[in-house]
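For reference, the chains in residue letters:
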Amino acid sequence: MVRDFTIGCYRGIEDLELKDLANVNIFVGPNNCGKTSILEAVIFSRLYEDVDLFIDTFISRYQKFSAEYFEALFPIDKEPVVCLKLKEDQKELHTHITYEKSRMIRGDDTANIAESFELQFHYSYEDESDHQDKDMIFIRFEEKKENYQISVGNPIGNKLKHINVPCKFISFSRFDRSERLLKDVDELLDQNLRGELIEILKIFDKDIINFEVIGKNRTIKLFKTGQKQPLTLSDYGNGMYKAFYIATSALLSKDGMLLIDEIEAGIHNRALAEFISRLLEVCEKRKVQLFLTTHSLEAIDIILDDCNDSPADLAVYHIKNQEQQTKARRYGGSKLTNLRNEIGFDVR
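Below, the structure is looked at part by part.

On to the sheet that holds strand E10 (residues 208-214). Taken in spatial order, the three strands of this open sheet run E10-E11-E12, and their pairing is antiparallel. Of all the strands in the sheet, the pair left with one neighbour each is E10 and strand E12 (231-232). The pairing of E10 with strand E11 (residues 219-224) spans six bridges and is classified as antiparallel. Directly across from Val 213, in E11, lies its bridge partner Ile 220. Each of E10 and E11 is contacted by helix H5 (residues 194-201), which is oriented at about 120° to E10, the strand it contacts most.

Below is the structure:
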C-alpha cells in the first residue's frame, strides 16, 4: 500500500504532499489542477519495474516519445521530482527520483551531438527492526536516430528483490492502445480469470456468455445466448470497450495499484453504479489500491455509498494550485458522507 506520496516538481505540480492514502483514493478539483498528473507521477515512481508501461503512458498523451517533452516534465533545477513512501506489512520503502540530462558527442565528430537523459531511483527500505537497505537504479534514454535506446542499470548492487508492485493505468485518451489490451487479455487467460471478466461484462449485457480473441488481427469478440454471430467490442460502443479494459486491468492488479483517469467517462449512467460497485468489490478481493480521478458527483456518491460500511478505506483529495504550490485537502469517507448528507456539500 502506498501511504504517503510527495511530488516535488512534475508538470504544473509543485510541493504536493498526499498523506494517509487509503485503499480507494479519489482526486477531484477544477480542470488543469493536476489530477491526471498525479496518476502519471505514481507511474514514474515505479518506472523501474515496467518501462513499457511508462512509454505507453507517455505516448498516449504526446503521441510520440521525445526528450523535449522530458525537459518540460522534469525541470533540472527542481528536486526532488517524486518521493514515494510505500508501506508493506511492517516495512517501509522510500523512493527518491531525480532527473539528469547530458549531451554526448558521437565519436570525434564534434558537430554530431546526441542527447541522453537519465532517471535515477534512490531507495531506502526499512523494516520493523530498523534494518535498512539502500540501492540506486537508473534508466537512461539515449538518442538513436529517430528513436531512443533504453537501458536500465544498477551501479551499486543487485536490485532489491522485494520491490514488486503490479500497476495498471487507464486513461480515456489511451483507449486506442489495443496492443496493450490484447497483451493484458493474454495474461488474464493464462491466469484462468475468464469467468470473473465475463461476470463483469454481464453488467452491460446479461446475455454475454463468453469472449474469444479471433483471427490473425486478434479481434476480441463477445458471444451471446441465442445469437449465432459474435459481436466485437466496437459493436457495443466505447462504454463496453472501457469497461472491458478496466475490468481486465483490475483483475491483473492483484496486490498492486490500479489508476483510472475519469472513471465515469464513456460509461452509461444506467450501468455506472453497478460497474463501480463491482470494480470496488474486485479490488477489495484482490487487494488492489485504487487511484481515481473524476468530475462526476454521481460517481463520488456511488463510491461513498459502497464504502459506507468501511469509510476508513476511502479518501477524497481536492486538488488546488495556489501561489506556486499545489495543495490537497483530504476528506475521509465518514467526514465527506456527513457533509453530503447534512448540507449537500460538493467536494469538486
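From this point, the narrative continues.
With that out of the way, let us pick up the nonpolar core. Counting residues in hydrophobic clusters, the biggest one holds 56 residues, and the most contacted among them are Phe 244, Leu 258, Ile 260 and Ile 303. It is helix H7 (residues 238-252) that contributes the most residues to this core, 10 residues altogether.

Moving on, we get to the sheet that holds strand E14 (residues 289-293). Within the open sheet, the six strands sit side by side as E9-E13-E14-E3-E15-E16. Their pairing is mixed. Since the sheet does not close on itself, it has two edges, and those belong to strand E9 (167-171) and strand E16 (325-332), each with one partner. Taken pair by pair, the neighbouring strands of this sheet meet at an average axis angle of 15°, ignoring direction. Each of strand E15 (314-322) and E16 touches helix H10 (residues 333-343); the most contacted strand, E16, lies at about 80° to it.

Okay, the packing of helix H9 (residues 297-306) against H10 next. Across the interface, H9 lies against H10 with an axial gap of 11 Å and an inter-helix angle of 120°. In terms of orientation, H9 lies oblique with respect to H10. Every pair of crossing elements has a handedness; the one defined by H9 and H10 is left-handed. On H10, the residues that touch Leu 297, Ile 300, Asp 301 and Leu 304 of H9 are Gly 333, Leu 336, Thr 337 and Arg 340. Residues of the contact of H9 with H10, tallied by class, amount to four nonpolar, two polar and two charged.

The next thing to look at is the packing of aromatic side chains. A complete count under the given rule lists six aromatic pairs for this structure. Consider the rings of Phe 211 and Phe 244, whose centres lie 5.5 Å apart with planes at 85°: the pair is edge-to-face. In this pair, Phe 211 sits in strand E10 while Phe 244 sits in helix H7, placing the two residues 33 residues apart along the sequence. On the basis of relative accessibility, which here comes to 0%, the residue Phe 244 falls in the buried class. An aromatic cluster of at least three residues, connected via ring pairs, comprises Phe 27, Phe 291 and Tyr 317. Of note, Arg 194 hangs over the ring of Phe 211, and the distance from its end group to the ring centre comes to 5.1 Å.

This next bit is on the pairing of E9. With five of five residues buried, E9 lies mostly within the body of the structure. With burial as the criterion, each face of E9 is covered, one bearing Cys 167, Phe 169 and Ser 171 and the other bearing Lys 168 and Ile 170. In this structure, E9 lies alongside strand E13 (residues 257-261), joined through five bridges in parallel fashion. Paired with Phe 169 across the strands is Leu 259, a residue of E13.

Quick reminder: α-helices carry 3.6 residues per turn. Residues three or four places apart thus point the same way. If you check helix H4 (residues 178-190), its first and last C-alpha atoms are 18 Å apart, about what 13 residues at 1.5 Å a residue would give, namely 18 Å. Within H4, the full set of buried residues consists of Arg 180, Leu 181, Leu 182, Asp 184, Val 185 and Leu 188.

Reading the values: the criteria
- Residues numbered from 1 in each chain as written.
- Predicted model: local features only at pLDDT ≥ 70, side-chain atom pairs only at ≥ 80, totals over all residues.
- Heavy atoms only, no water.
- Pairing = 2+ DSSP bridges.
- Helix = DSSP H or I, 4+ residues; strand = E, 2+ residues; numbered from the N terminus.
- Contact = heavy atoms within 4.5 Å.
- Axes fitted to C-alpha atoms, helices over the stretch in contact; angles between N-to-C directions.
- Core = buried A, V, L, I, M, F, W, Y, C linked by side-chain atoms within 4.5 Å.
- Buried < 20%, exposed > 50% of the residue type's maximum accessible area, 1.4 Å probe, protein only.
- Parallel < 35°, antiparallel > 145°, perpendicular 65-115°, else oblique.
- Left-handed = near helix turned anticlockwise from the far one by under 90°.
- Nonpolar A, V, L, I, M, F, W, Y, C, P; charged D, E, K, R; others polar.
- Phe/Tyr/Trp six-rings, centres within 6.5 Å; stacked < 30°, edge-to-face > 60°.
- Lys NZ or Arg CZ within 6 Å of the ring centre and 35° of its normal.
- Expected span 1.5 Å × (residues − 1).

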